[in-house]
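Fold and contact review
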Amino acid sequence: QKEVEQDPGPLSVPEGAIVSLNCTYSNSAFQYFMWYRQYSRKGPELLMYTYSSGNKEDGRFTAQVDKSSKYISLFIRDSQPSDSATYLCAMSGTSFQKLVFGTGTRLLVSP
Amino acid sequence: DGGITQSPKYLFRKEGQNVTLSCEQNLNHDAMYWYRQDPGQGLRLIYYSQIVNDFQKGDIAEGYSVSREKKESFPLTVTSAQKNPTAFYLCASSPAGTSGGVNEQYFGPGTRLTVT
């Protein structure tokens, strides 16, 4: 079993939809949770990071962490075709520890 | 304009040749990383460095070598011993070094290496 699981998709939605992207994990020591967006043939771009449980909002993006369920989510409101990309979750424990990445979910937003 | 640069964007080599990928950052970050990305496998850590003149093997270091002589630079050499070198290589940096801290990583644009 992988430490971090992420559905590869693709997830296809119409423009304007609310998108929910999710990751599950097995290591209860994870404290820091990050979401990256990667366009085709580009490097990943850090969207958001959260510490421990709770929600964090940034514009159309909301990151949610449920440590009791070992489940994290990224919500995208009013999705746009420009949001079409692969979304990677990543997480680590306290202090300096290596990031563990999910394999990514491909999102397609159609106009 | 701060960021991470990787060069070249595309690289082609014959089997049996060593090749060096460049990574430079001007973010004043302590830590730097090299990842390899293959379809369906996500990001796999090759090497990382938390401080100048020190580096550690990641999960798939065999067939690769690195150096960290300057804070800004972390070149990766793909040697002829690497069995499947064709991949997308990503360099990243993080403000978290040996003193700890949140390890949010910022990535460069990547180098696509093709070995035939």
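You'll find the structure just up there.
Residues numbered from 1 in each chain as written. Chains lettered and ligands numbered in written order. Predicted model: local features only at pLDDT ≥ 70, side-chain atom pairs only at ≥ 80, totals over all residues. Heavy atoms only, no water.

1. Topic: the sheet that holds strand β3 (residues 19–25) of chain B
Residue and element names in this part refer to chain B. This is how the line gets drawn: Two strands qualify as a pair provided DSSP detects at least 2 bridges between them. Starting at the N terminus, helices and strands are each numbered in turn, a helix being any DSSP run of H or I of at least four residues and a strand any DSSP run of E of at least two. Lines fitted to C-alpha atoms define the axes, with helix axes restricted to the stretch in contact, and inter-axis angles between N-to-C directions lie between 0 and 180 degrees.
In space, the four strands of this open sheet follow the order β1-β3-β8-β7, with antiparallel pairing throughout. Of all strands in the sheet, those with a lone pairing partner are β1 (4–7) and β7 (64–66), marking the two edges. Taking the axes of each pair of neighbouring strands and ignoring which way they run, one obtains an average angle of 20° across the sheet.

2. Considering empty space enclosed by the protein
As a reminder of what qualifies: Points on a 1 Å grid over protein atoms alone make up a cavity when a 1.4 Å probe fits among them but cannot get out, and a pocket when they form an open set with protein on both sides within 12 Å along at least five of seven lines; lining residues each have an atom within 4 Å of a point. Grid points are joined across faces, edges and corners, and a volume is the space filled by probe spheres set on the points. Three categories are distinguished: nonpolar for Ala, Val, Leu, Ile, Met, Phe, Trp, Tyr, Cys and Pro, charged for Asp, Glu, Lys and Arg, and polar for the others, with Gly belonging to the last.
By the definition in use, this model includes one cavity of 30 Å³ or more. Within this model, the largest cavity holds a volume of roughly 30 Å³. As for the largest cavity, its lining consists of R41(A), K9(B), Y10(B), F88(B), P109(B), G110(B) and R112(B). For the lining of the largest cavity, a count of residues per class yields three nonpolar, one polar and three charged.

3. Re the layout of surface pockets
Where empty space is left becomes clear once a probe the size of a water molecule has been rolled over the atoms. Its volume calculated, the largest pocket comes out at about 570 Å³. As for the largest pocket, its lining consists of 22 residues, of which Q38(A), T86(A), Q37(B), P39(B) and G40(B) are closest to the centre. Of all the elements in the fold, those that place two or more residues in the lining of the largest pocket are β9 (85–92) and β11 (105–110) of chain A together with β4 (31–38) and β9 (87–94) of chain B. Per element, the largest residue contribution to the lining of the largest pocket is three residues, and it comes from β11(A).

4. Description of the interface of chain A and chain B
Often the size quoted for an interface is simply the accessible area lost on bringing the parts together. Filter applied, for reference: Any two residues whose heavy atoms approach within 4.5 Å are treated as being in contact. When two components associate, each loses some accessible surface as probed by a 1.4 Å sphere; the sum of these losses over both components is called the buried area. Each salt bridge in this description consists of a side-chain nitrogen of Lys or Arg and a carboxyl oxygen of Asp or Glu lying within 4 Å of one another.
With 19 residues of chain A at the contact, the number on the chain B side is 29 residues. Counting each side, the surface lost to burial between chain A and chain B is near 1,800 Å², with a carbon and sulfur contribution of 62%. Here chain A and chain B share one salt bridge between them. When contributions to the side of chain A that touches chain B are tallied by element, the ones reaching two or more residues are β4 (32–38) and β5 (45–51) of chain A.

5. Some thoughts on the sheet that holds strand β1 (residues 4–5) of chain A
All names here are of chain A. The sheet built from five strands is open, its strands ordered β1-β3-β8-β7-β6 with antiparallel pairing. One side of each edge strand has no neighbouring strand; the edge strands of this open sheet are β1 and β6 (54–58). Pairing analysis gives six bridges linking strand β3 (residues 19–25) to strand β8 (residues 71–76), with the strands arranged antiparallel. In the strand pairing of β8, L21 is matched with L74.

6. A few points about the environment of Q25(B)
Residues and elements named next belong to chain B. Relative to the elements of secondary structure, Q25 occurs in strand β3. With 21 residues separating them along the chain, Q25 and I46 place their C-alpha atoms 18 Å apart. With near-sequence residues (within four places) excluded, Q25 lies in contact with G3, I4, M32, R68, K71, E72 and S93.

7. Observations concerning the pattern of salt bridges
As a reminder, the rule being used: Three exposure classes are used, based on accessible area relative to the maximum for each residue type with a 1.4 Å probe and protein chains only: buried under 20%, partly exposed in between, and exposed over 50%.
Across all of its chains, the model carries seven salt bridges over all chains by this definition. The closest approach of N and O atoms between E45(A) and R37(A), which form a salt bridge, is 3.0 Å. E45(A) sits in the partly exposed class, given a relative accessible area of 36%. Exposure remark for R37(A): the relative accessible area of 13% places this residue in the buried category. With its nearest N and O atoms 3.4 Å apart, the salt bridge here joins E57(A) to R77(A). In this pair, E57(A) is assigned in strand β6 and R77(A) in the loop between β8 and β9, connecting sequence segments 20 residues apart. Residue class for E57(A) comes out exposed when judged on its relative accessible area of 58%. Look at R77(A) and you get partly exposed, because its relative accessible area is 30%. Linked by salt bridges that have partners in common, R36(B), D38(B) and R44(B) make up one network.

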